[in-house]
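# Per-entry structural report
For reference, the chains in residue letters:
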Amino acid sequence: RFPRLFSSPTSSHHKDKLQHFFATAFLSYVFESEETALRIGFATEKGESAFIIGGTFDAEDLEMNRRGAMLGNALLSDENSIASQYFFRKSGDK
């Protein structure tokens with residue numbers, strides 16, 4: 001079962017949260033920039049309805065992007081950073 005992180009954890013629109021998290025972590029790590037990763041994630045989310053049937057803009061996806069970008073950035077200085085420490089952070093945590 002998906003953890004209670006979002007408004008409706010059983011909703012089918014939560015199936016892409018891990019994709020957002022790890023894709024943005026990868027981009028943040030590769031570009032060595034959280035900002036670049038977040039910009040790419042925002043552009044992707046904004047255009048989601050154009051290339052995914054039933055896709056809509058979802059602020060919770062942006063939150064997963066933010067958490068993933070923090071992981072990617074952390075991995076640059078500590079290769080032992082643990083994904084779950086970032087995945088399960090509260091929205092306001094930095």
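Residues numbered from 1 in each chain as written. Predicted model: local features only at pLDDT ≥ 70, side-chain atom pairs only at ≥ 80, totals over all residues. Heavy atoms only, no water.

Turning our attention to unusual backbone geometry. Of note, the phi angle at Glu32 is positive, near 50°, even though the residue is not glycine. Residue placement: Glu32 occurs in the loop between helix 1 (17-31) and helix 2 (34-46). Take Glu32: its relative accessible area is 60%, and that puts it in the exposed class. (Helix = DSSP H or I, 4+ residues; strand = E, 2+ residues; numbered from the N terminus. Buried < 20%, exposed > 50% of the residue type's maximum accessible area, 1.4 Å probe, protein only.)

For Glu48, the position within the fold is in helix 3 (residues 48-51). The buried charged residue Glu48 lacks any salt bridge partner; its closest oppositely charged side chain belongs to Lys17, at an N-O distance of 7.7 Å. Once residues lying within four places of it in the same chain are set aside, the contact partners of Glu48 are Asp16, His20, Gly55, Thr56 and Asp61. (Lys, Arg positive; Asp, Glu negative; His and termini not counted. Salt bridge = Lys/Arg side-chain N within 4 Å of Asp/Glu carboxyl O. Contact = heavy atoms within 4.5 Å.)

Under the definition given, this model contains six salt bridges. Residue Asp61 pairs with Lys17 through a salt bridge whose shortest N-O separation is 2.4 Å. Here Lys17 lies in helix 1 and Asp61 lies in helix 4 (residues 59-77), a separation of 44 residues in the sequence. Exposure class is identical for Asp61 and Lys17. Each is buried. Its salt-bridge partner being Glu35, residue Arg39 comes within 2.7 Å of it at the nearest N-O pair.

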